[in-house]
Amino acid sequence: MRSLVLIGHGSHLNPESAAAVYRYAELLRQRQVFDEVVEGYWKEEPSLRQVLRTCASTDVTIIPMFISEGYFTETVIPRELGLGHQGPVPPEGVARTLGGRTVRYTLPYGVHPAMTEVILERAREVLPDADGSDTALIIIGHGTTRNENSNKVVHHNAALLRERGIFSEVHALFLDEEPKVTGWRERVSARRVVMVPFFASEGWHTLETIPEDLSLEGTVTTFTAEDGQEGQGEQTVYYARPVGTHPAVADVIVQLALEARGASVSGGDHATEHRAAWSALLERARQGMRMGEITVQFENGLYELRHALDEGRSSETLTTLVTPEGLRDHTRLDERGEHRPVHTLRNLRRGWRAVFTEADLPHAIHTLYPAVVEEGYAYSTHNLRPTPWPTTAKRQTGIYARVQKATPEQVEHVAQDVCGGCLKTRIWAGQRLSQTFLDGVPGAIPCAEACTFLVAEIREEVAGKRGQGGGH
Ligand code: SF4
């Protein structure tokens, strides 16, 4: 048995941030190369601190869903996963034994050699007849002065494609560092110019800042072969879609995961604690249970989930959902349309019912309350170790290192405000639970460690910006 974990950045503010990882996870589940595909996030749930516990197998391959190496792939993700590794990841990845699991951490998918073909595919979509005589290719990277590794992949791909002679010129240009994309006209002499953003997703940069920096006028949405040609004097620019959203990326991920697996073809076992946690949940669910804000009822071999406040409402008045993904998408926003990065905040929307077989129930509950079953069971068996605030604070780096300056009073003040709206009980702050939802107490859910949402709020407090709409 094998688990594949896709790690995304996620966001406390933007519900679409995780969409690419959701989509690739679904594609990979359909291909059934791994027994399960799990997602984990820096700023959403399950968090990087929780995700290993949510893996069913003792054989885990972790792929950072990032387009290049850098701060997140080299510092944040290995640190939060507890890999005991910092800095550049070697080509063969990093392998560790953690909590009884064999864990392999790979390079990000963006640096896989197969991505060169994805760049070419994107270029051919907007200019199918590139012939090497009078066509330049510009690969646009983000660029950062913080980590030179992050641009290595863009330069590397430019060099490889230069050698192949498909284009008369190939350039690697960047948004935030030299050579900058804004100076492309001084560098490029070809009459036709194909620009391919080496970005993970379609967003602010690919839809707004790049077209603005390039003075591409007209509707800035998705430039395709039919509508994406913008006259630039003597030159014509063909602006492609970002490489990270190309469907072939799913093949790159599979290839990367299979390579990481290496000689280990036998896989692992079902993780004992994981199996016990879900057995305990299913036993409860068969009798009917409440958990957090939902009720679970078992009838005629199917499980029905709905908001506890909708108990007793006629099914015809509720929206019926039948897939875990449908349930996830329906409950991703609260009733005001706001993103819900912390699923245990008491803001689950009402008005739906979801019906599942026993095979799909764990995935469905996991989409509503990621990692809650595993952590609740671990707490009830005395296996959930709390991480006190000073330890969490000390671990923070980059812009979050500032939280180390927070006084205990500031931490408590913000926690009372933020955690006051959350179902969880802060065992990391010394609070106690005598029972859990597995004992029939719906709101008794342990919180082992301050979540990144709270950390971000404490950072705002220390900066004196809390309540002023500071973004995180
Ligand atoms: Fe909830 Fe607070 Fe724990 Fe975050 S830190 S999960 S808001 S209890």
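Asks: What should I look at first to understand the pairing of strand E6 (residues 135–141) in this one?
Replies: Regular strands place side chains that alternate from one sheet face to the opposite one. Burial analysis of E6 places seven of its seven residues in the buried class, the great majority of the element. Here E6 shows a buried face lined by Thr-135, Leu-137, Ile-139 and Gly-141 and a second buried face lined by Ala-136, Ile-138 and Ile-140. Direction of pairing for E6 relative to strand E7 (residues 169–174): parallel, over a ladder of six bridges. When the bridges of E7 are listed, Ile-140 appears paired with Leu-173.

Asks: Teacher, can you tell me more about the confidence of the model for the protein here?
Replies: Caution is warranted with low-pLDDT regions, since their predicted coordinates should not be read in detail. When pLDDT is averaged along the protein, the result is 90, and 93% of the positions lie at 70 or above. Taken together, the stretch residues 218–228 has pLDDT below 50 and engages in 19 contacts with residues farther than four places along the chain or on a different chain.

Asks: Would you mind going over the pattern of salt bridges with me for this structure?
Replies: Side-chain pairing between opposite charges can occur once the charged atoms of the two side chains come close. For the coordinates displayed, the defined rule picks out 27 salt bridges. Put simply, Glu-358 and Arg-286 hold a salt bridge, and the shortest N to O gap is 3.1 Å. Of this pair, Glu-358 sits in the loop between strand E15 (352–356) and helix H10 (361–368) while Arg-286 sits in helix H8 (residues 272–287), placing them 72 residues apart in sequence. With relative accessibility at 31%, the residue Glu-358 sits in the partly exposed group. Asp-329 is the salt-bridge partner of Arg-332, the closest N and O atoms lying 3.5 Å from each other. According to the relative accessible area criterion, Arg-332 is buried, its value standing at 16%. Of the residues examined, Asp-329 reaches a relative accessible area of 38% and is grouped as partly exposed.

Asks: What is the right way to read the sheet that holds strand E14 (residues 319–321) from this model?
Replies: Strand-to-strand pairing in sheets goes through backbone hydrogen bonds, with the strands running parallel or antiparallel. Spatially, five strands are ordered E11-E12-E13-E15-E14 in an open sheet, and the strand pairing comes out mixed. Unpaired on one side and paired on the other, strand E11 (289–291) and E14 mark the two borders of the sheet. Strand-to-strand twist in this sheet, taken as the mean axis angle between neighbours without regard to direction, amounts to 25 degrees. Sheet analysis places E11 next to strand E12 (residues 294–299), joined by three bridges and oriented antiparallel.

Asks: Mind showing me how you'd approach the sheet that holds strand E2 (residues 36–41) here?
Replies: With mixed pairing, the five strands of this open sheet are ordered in space as E2-E1-E3-E5-E4. Only two strands of the sheet have a single neighbouring strand rather than two, namely E2 and strand E4 (94–98). Taking the axes of each pair of neighbouring strands and ignoring which way they run, one obtains an average angle of 25 degrees across the sheet. The pairing of strand E1 (residues 3–8) with E2 spans six bridges and is parallel. Its bridge partner being in E2, Ile-7 is matched across the sheet by Gly-40. With respect to the sheet, helix H1 (residues 19–31) is in contact with E1 and E2, its orientation differing from that of E2 by roughly 170 degrees.

Asks: Whenever I open this one, the environment of Gly-82 confuses me. Can you help?
Replies: Relative to the helices and strands, Gly-82 is located in the loop between helix H2 (71–81) and E4. It is 9.2 Å that separates the C-alpha atoms of Gly-82 and Leu-48, two residues lying 34 residues apart in sequence.

Asks: Help me out: how do you make sense of the packing of helix H13 (residues 408–419) against helix H14 (residues 452–462) in this one?
Replies: Geometrically, a packed helix pair is captured by the angle between its two axes and the distance between the axes. Running from amino to carboxyl end, H13 crosses H14 at an angle of 130 degrees, the nearest separation of the two axes being 10 Å. Here H14 runs oblique to H13, going by the angle between their axes. Crossing angle aside, the handedness with which H13 passes H14 is right-handed. Note on element contacts: H14 touches H13 through Phe-453, Leu-454, Glu-457, Ile-458, Glu-461 and Val-462, opposite Gln-410, Val-411, His-413, Val-414, Ala-415, Val-418 and Cys-419.

Asks: Is there a simple way to think about the site of the ligand in this case?
Replies: Around the ligand sit Val-418, Cys-419, Cys-422, Lys-424, Arg-426, Trp-428, Cys-447, Ala-450, Cys-451 and Leu-454, and those are all the residues in its vicinity. Taken together, the elements giving at least two residues each to the shell around the ligand come down to H13 and strand E16 (424–426). Looking at the shell around the ligand, its residues break down into eight nonpolar, no polar and two charged.

Asks: Help me out: how do you make sense of the packing of helix H9 (residues 324–331) against H10 in this one?
Replies: In the contact formed by H9 and H10, the axes pass within 9 Å of each other and the chain directions differ by 15 degrees. Taken together, the axes of H9 and H10 lie roughly parallel to each other. Judged by the sense of rotation from one axis to the other, the crossing of H9 with H10 is right-handed. Contacts between H9 and H10 pair Pro-324, Glu-325, Leu-327, Arg-328 and Thr-331 from the former with His-363, Ala-364, Thr-367 and Leu-368 from the latter. By residue class, the composition of the contact of H9 with H10 is four nonpolar, three polar and two charged.

Asks: In this structure, what is going on with the packing of aromatic side chains? I would like to understand it.
Replies: Two aromatic rings, taken as a pair, are described by how far apart their centres are and by the angle between their planes. Across all of its chains, the model carries six aromatic pairs by this definition. Judged by centre distance (5.8 Å) and plane angle (25 degrees), the rings of Phe-66 and Phe-72 are stacked. By way of ring pairs, the aromatic residues Trp-42, Phe-66, Tyr-71, Phe-72 and Tyr-400 are connected into one cluster. Stacked on the ring of Tyr-24, the Lys or Arg Arg-23 has its end atom at 5.3 Å from the ring centre. Over the ring of Trp-428 we find Arg-426, and its NZ or CZ is 5.5 Å from the ring centre.

Scoring rules and cut-offs
- Residues numbered from 1 in each chain as written.
- Predicted model: local features only at pLDDT ≥ 70, side-chain atom pairs only at ≥ 80, totals over all residues.
- Heavy atoms only, no water.
- Buried < 20%, exposed > 50% of the residue type's maximum accessible area, 1.4 Å probe, protein only.
- Helix = DSSP H or I, 4+ residues; strand = E, 2+ residues; numbered from the N terminus.
- Pairing = 2+ DSSP bridges.
- pLDDT = per-residue confidence, 0-100.
- Contact = heavy atoms within 4.5 Å.
- Salt bridge = Lys/Arg side-chain N within 4 Å of Asp/Glu carboxyl O.
- Axes fitted to C-alpha atoms, helices over the stretch in contact; angles between N-to-C directions.
- Parallel < 35°, antiparallel > 145°, perpendicular 65-115°, else oblique.
- Left-handed = near helix turned anticlockwise from the far one by under 90°.
- Near = heavy atom within 4 Å.
- Nonpolar A, V, L, I, M, F, W, Y, C, P; charged D, E, K, R; others polar.
- Phe/Tyr/Trp six-rings, centres within 6.5 Å; stacked < 30°, edge-to-face > 60°.
- Lys NZ or Arg CZ within 6 Å of the ring centre and 35° of its normal.

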